[in-house]
Amino acid sequence: MSERWPAPDGLELIRTLVNTLDIETGADSLDTPENRACFGLTEDGVPGARALRESLRATLLAHAGHPPHRAVTPLGELLAEAPLVVTVDRADGSAALAPAGEGSLAARVAAAVAEALLAGTWTRLKACEAADCHWAYYDRSPAGRGRWCSMQVCGARAKMRRYRAKGV
């Protein structure tokens, strides 16, 4: 749906996960083994990944100033048990949070959120306000006030609806 560029660093994992469901058509790419493999998921891990995806979508809607699309488990609860470790680079002493062990999807998401918090980019990851879309996108607008994943599709539709509602 979106013609926007990928999100920076670990936020791309989150953007990609949220965008595995096309709300308009109902197509869920987590239904296929190939797409599950992209996230390191087995079929058994899909229900948890879907819960995480919808909790992330609700959070990204909040970043854009919108209420959740439906009742979901709060993101903090889903990430609370994600095993993370502090890594320290021997060369320069820089530190980061990283998934422990194999790195579950929740742990990789938690590490990406922590990295984005430090970089100041977390709240720039948003969900499109269009109710039939809610596609995740990284808001690169100067003021950080982007509202739609695509100005050519969702933005144009919203502006046309507003224009028609005026009765002009």
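Just above, that's the structure.
Residues numbered from 1 in each chain as written. Predicted model: local features only at pLDDT ≥ 70, side-chain atom pairs only at ≥ 80, totals over all residues. Heavy atoms only, no water.

Chemist: Could you clarify how one ought to interpret the overall build of the protein in this entry?
Modeler: Within the protein one finds six helices and four strands. The order of helices and strands in the protein, counted from the N terminus, is α-α-α-α-β-β-α-β-β-α. By the burial criterion, 39% of the 168 residues in the protein qualify as buried. Pairs at least 24 residues apart make up 50% of the contacts formed inside the protein by residues separated by at least 6 positions. Total accessible area computed for the protein in this model is approximately 9,400 Å², and 56% of it derives from carbon and sulfur atoms. (Helix = DSSP H or I, 4+ residues; strand = E, 2+ residues; numbered from the N terminus. Buried < 20%, exposed > 50% of the residue type's maximum accessible area, 1.4 Å probe, protein only. Contact = heavy atoms within 4.5 Å. Areas by Shrake-Rupley, 256 points an atom, 1.4 Å probe, with all protein chains shown as cover.)

Chemist: Help me understand helix α3 (residues 46–63), please; the structure alone is not making it clear to me.
Modeler: Given 3.6 residues per helical turn, the α-helix brings residues three or four places apart onto the same face. Its 18 residues place the ends of α3 25 Å apart at the C-alpha level, agreeing with the 26 Å of an ideal helix rising 1.5 Å per residue. Counting buried positions along α3 yields 13 of 18 residues, so the element is predominantly enclosed. (Expected span 1.5 Å × (residues − 1).)

Chemist: Sorry, what's going on with a nonpolar patch on the surface here?
Modeler: Taken together, L84, V86, V88 and L97 make up a surface patch of nonpolar side chains, about 340 Å² in accessible area. Ranked by residue count, the leading element in the nonpolar patch is strand β1 (residues 84–88), at three residues. Mapped onto the secondary structure, L97 falls in strand β2 (residues 95–99). (Patch = residues over 30% accessible without salt bridge, like charges linked within 9 Å, V, L, I, M, F, W, Y side chains within 5 Å. Salt bridge = Lys/Arg side-chain N within 4 Å of Asp/Glu carboxyl O.)

Chemist: Any chance you could explain the nonpolar core here in plain terms?
Modeler: The tendency in soluble globular proteins is for nonpolar side chains to be buried side by side. By size, the foremost hydrophobic cluster in this structure holds 29 residues, and its most contacted members are I14, L56, V109 and W122. Among the secondary structure elements, those contributing two or more residues to this core are α1 (11–18), α3, α4 (75–79), α5 (105–119), β3 (125–127) and β4 (136–138). Residue contributions to this core peak at seven residues, all from α5. Ignoring anything within four residues of it in the chain, the contact list for I14 reads L56, V109, A112, V113, W122 and L125. Counting six residues, the second largest nonpolar core, distinct from the first, contains C128, A130, W135 and C149. (Core = buried A, V, L, I, M, F, W, Y, C linked by side-chain atoms within 4.5 Å.)

Chemist: Hey, could you run me through α1 in this one?
Modeler: Taken across its eight residues, α1 has six buried, putting it largely inside the fold. Inspection of α1 places L11, E12, I14, R15, L17 and V18 among the buried residues, and these make up the whole buried set. The inward-facing, buried residues of α1 abut α3, α5, β3 and β4.

Chemist: What exactly am I supposed to notice about unusual backbone geometry here?
Modeler: Where the residue is not glycine, phi is negative for most of them; where a peptide bond is considered, it is trans in most cases. We note that D9 has phi near 50 degrees; this positive angle belongs to a residue other than glycine. If you trace the backbone, D9 turns up in the segment before α1.

Chemist: Even after reading the chapter, I still don't get the environment of A114, so can you show me in this structure?
Modeler: Turning to its location among the elements, A114 is positioned in helix α5. Sequence spacing of A114 and A98 is 16 residues, and the spatial spacing of their C-alpha atoms is 9.2 Å.

Chemist: Teacher, can you tell me more about the pairing of β1 here?
Modeler: Two faces, one strand: in a regular strand the side chains alternate between the faces of the sheet. Pairing analysis gives five bridges linking β1 to β2, with the strands arranged antiparallel. Each residue of the ladder has a partner; that of V88, found in β2, is A95. Where β1 folds back onto β2 in an antiparallel hairpin, the turn is made up of six residues, including G93, whose phi is positive at roughly 80 degrees. (Pairing = 2+ DSSP bridges.)

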